[in-house]
Amino acid sequence: MTNIKLGVLVSGSGTNLQAIIDAVEQGVLNAELAVVISNKKDAYALERARKHQIPALFINHKDYAKREDFEQALIKELDSRNVDLVCLAGFMRVLTPYFVNHFPHRILNIHPALLPAAKGLYGEHVHQAILDSGAKFSGCTVHFVTADVDGGPIVLQKIVPVEDDDTPLSLAERILEVEHTAYPEAVKLFSEHKLEIIGNRVKIKK
Ligand code: GRF
C-alpha cells in the first residue's frame, strides 16, 4: 500500500492532529505528515508538529488582502510537498472554491456534530445548538470538503449520547474523544482507496 502524504491545516490546540500523528507513529495509518500549517502563530498544534519533527508553518491570513491570496500561499506549500490529502483539523478559515477546486475530493474536515446538524456553526455554538434542539444524540462527522460549508460527502460519523445535565463544554469533551478515533479511521480509508464518492454519498468499499 502506498504511503500517502498528508497536509494538515490547523488553528488551535490540535488534538485531532495529535490523533493522526499517533496513528502514523503506531503504524496503524500508512501515511506521512508532510506539513502542518496554522493561520494562528501561537496554535499549540504547531508545537505538537515540531515535537514530532514535522515541518510546521505559520501563514497569517491577515498578511493577505484577499482570501484567495492567502489560499494561494497555502497551496504553494502543500503542492511543493506533493500532498495527496489535506486534513482540516480545527482550521478556522472558510475555504473558497479556488482552494477547494484545487484539491477535488482531496480535502477532509471534522465537524463536532452529526451533520447536517449544526451545519455552518463552529466551536461552542455547535454544542449549544444541539442542546437547544433537544436532540438525544450528537457526535462527529468526517466529510469531504466542498464549496458548500459542512455540506460535502460524509465519510463516517460516530455517535455520542447527550446527557440531561450536559453543558456545551461537557458535550464537546465527550465528542472530542470519538473524534480522535474517527479522523484517523477516515484518513486510513482514504489512504487505502476505499472511499467511492457517488453524488453526495460516500460508499466504503470492502
Ligand atoms: C474539533 O472539535 C473539531 O471537530 C472542530 O474543531 C475542533 C478542533 O479541535 N472542527 P483540536 O484542535 O483538534 O483539538
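Coordinates for the structure precede this section.
These lines cover the structure that appears in this document, whether it is placed above or below. Everything numeric here is computed off the predicted structure, so don't read it as measured data. (Residues numbered from 1 in each chain as written. Predicted model: local features only at pLDDT ≥ 70, side-chain atom pairs only at ≥ 80, totals over all residues. Heavy atoms only, no water.)

**Comments concerning the overall build of the chain**
Of the regular secondary structure elements, the chain holds six helices and nine strands. Over its C-alpha trace the chain gives a radius of gyration of 16 Å, about what one expects of a compact globule, namely 17 Å for 206 residues. Projected onto its principal axes, the C-alpha coordinates of the chain cover approximately 50 × 45 × 35 Å. Counting only residues that meet the buried cut, the chain has 48% of its 206 residues in that class. Taking the contacts inside the chain whose residues are at least 6 apart along the sequence as the reference set, 64% of them involve residues at least 24 apart. A total of about 10,200 Å² of accessible surface is found on the chain, and carbon and sulfur atoms cover 52% of it. Counting 23 positive and 26 negative side-chain charges, the chain places the averaged centre of each group 5 Å from the other. (Helix = DSSP H or I, 4+ residues; strand = E, 2+ residues; numbered from the N terminus. Rg over C-alpha atoms; globule rule 2.2 N^0.38 Å. Buried < 20%, exposed > 50% of the residue type's maximum accessible area, 1.4 Å probe, protein only. Contact = heavy atoms within 4.5 Å. Areas by Shrake-Rupley, 256 points an atom, 1.4 Å probe, with all protein chains shown as cover. Lys, Arg positive; Asp, Glu negative; His and termini not counted. Charge placed at Lys NZ, Arg CZ, Asp CG, Glu CD.)

**Focus on the site of the ligand**
Looking at the ligand, the residues that line it are S13, G14, T15, N16, G90, I110, H111, P112, L176 and E179. Here an oxygen atom of the ligand sits 2.7 Å away from a polar atom, N or O, in the main chain of G14. Within the side chain of T15, one N or O atom sits 2.5 Å away from an oxygen atom of the ligand. Burial of the ligand by the protein chains amounts to 80% of its free accessible area of 370 Å². Every element with two or more residues in the shell around the ligand is listed here: helix 1 (15–25), strand 5 (107–111) and helix 6 (168–191). Looking at side-chain class alone, the shell around the ligand contains three nonpolar, six polar and one charged residues. Lining the shell around the ligand are residues from two domains, each supplying at least three of them: domain 1 (1–103) and domain 2 (110–206). (Near = heavy atom within 4 Å. Polar contact = N/O pair within 3.5 Å; in protein donor to acceptor, adjacent residues only side chain to side chain. Nonpolar A, V, L, I, M, F, W, Y, C, P; charged D, E, K, R; others polar. Domains from an automatic or database assignment.)

**Observations regarding the pairing of strand 1 (residues 4–10)**
With six of seven residues buried, strand 1 lies mostly within the body of the structure. What joins strand 1 to strand 2 (residues 31–38) is helix 1, and the crossover it makes is right-handed. (Right-handed = clockwise from strand over helix to strand, strands pointing away.)

**Some words on the environment of P116**
Take P116: it is sitting in the loop between strand 5 and helix 5 (124–133). Sequence-wise, P116 and G152 are 36 residues apart; in three dimensions their C-alpha atoms are separated by 10.0 Å.

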